[in-house]
Amino acid sequence: MLAQTKVVLIDDETEFASALAERLRLRNYAAKAVYHAEDAVEIVRSDMPDVVLLDFRMPGMDGIEVLKRIK
């Protein structure tokens, strides 16, 4: 059996991110929604997802900074 593709959604719009993560889980992805940039950096570093969907406009640390830190 193939492993599930791990997807992390990083967006401060909680309803959007959680709804999209739920839709992905229904399609057999291991999807996780994260709502704060600082938390996202830690989760990506520890869990190494296959795909990251990242919002560029977030309060505090913006998406460009998150991208730099997770690379």
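Scroll up a little and you will see the structure.
Values in this document were obtained by computation on a predicted structure and should not be read as measured data.

What counts, and at which threshold
Residues numbered from 1 in each chain as written. Predicted model: local features only at pLDDT ≥ 70, side-chain atom pairs only at ≥ 80, totals over all residues. Heavy atoms only, no water. Helix = DSSP H or I, 4+ residues; strand = E, 2+ residues; numbered from the N terminus. Rg over C-alpha atoms; globule rule 2.2 N^0.38 Å. Buried < 20%, exposed > 50% of the residue type's maximum accessible area, 1.4 Å probe, protein only. Contact = heavy atoms within 4.5 Å. Areas by Shrake-Rupley, 256 points an atom, 1.4 Å probe, with all protein chains shown as cover. Expected span 1.5 Å × (residues − 1). Arc of directions from axis to C-beta. Pairing = 2+ DSSP bridges. Right-handed = clockwise from strand over helix to strand, strands pointing away.

Caption draft 1: Local environment of the overall build of the chain. Each helix and strand in the chain was counted, giving 3 helices and 3 strands. Along its sequence from the N terminus, the chain presents helices and strands in the succession β-α-β-α-β-α. Its C-alpha radius of gyration of 12 Å places the chain within 12% of the 11 Å reference for a compact globule of 71 residues. With respect to the principal axes defined by its C-alpha atoms, the chain has extents near 40 × 25 × 15 Å. Every one of the 71 residues in the chain was classed for burial, and the buried ones make up 30%. Here the contacts in the chain between residues at least 6 apart in sequence split such that 56% fall between residues at least 24 apart. For the chain, the accessible surface area stands at approximately 5000 Å², while carbon and sulfur atoms represent 53% of it.

Caption draft 2: Spotlight on helix α1 (residues 14-26). Compared with the 18 Å implied by 1.5 Å per residue over 13 residues, the 18 Å span of α1 between its first and last C-alpha is a close match. Among the residues of α1, those classed as buried are A17, A21 and L24. Looking straight down α1, one finds that the buried residues subtend no more than 60 degrees of arc, so they occupy a single side. Residues E15 and L26 are exposed on α1 and point more than 90 degrees away from its buried face. Against β1 (6-10) and β2 (30-34) lie the buried residues of α1. Two residues or fewer after α1 comes N28, characterised by a positive phi angle close to 70 degrees.

Caption draft 3: Seen up close, unusual backbone geometry. Phi at N28 is positive, roughly 70 degrees, even though this residue is not glycine. The residue N28 is located in the loop between α1 and β2 in this model. The backbone of M48 shows a phi angle near 45 degrees, a positive value even though the residue is not glycine. By relative accessible area, which is 57% here, M48 ends up exposed.

Caption draft 4: Region of interest: the pairing of β2. Of the strand pairs in this sheet, β1 and β2 are connected by 5 bridges, and their pairing is parallel. By the bridge assignment, L9 is partnered in β2 with A33. Considered for its hand, the β-α-β crossover made up of β1, α1 and β2 is right-handed.

Without other data, these values stay purely geometric and don't point to any function.
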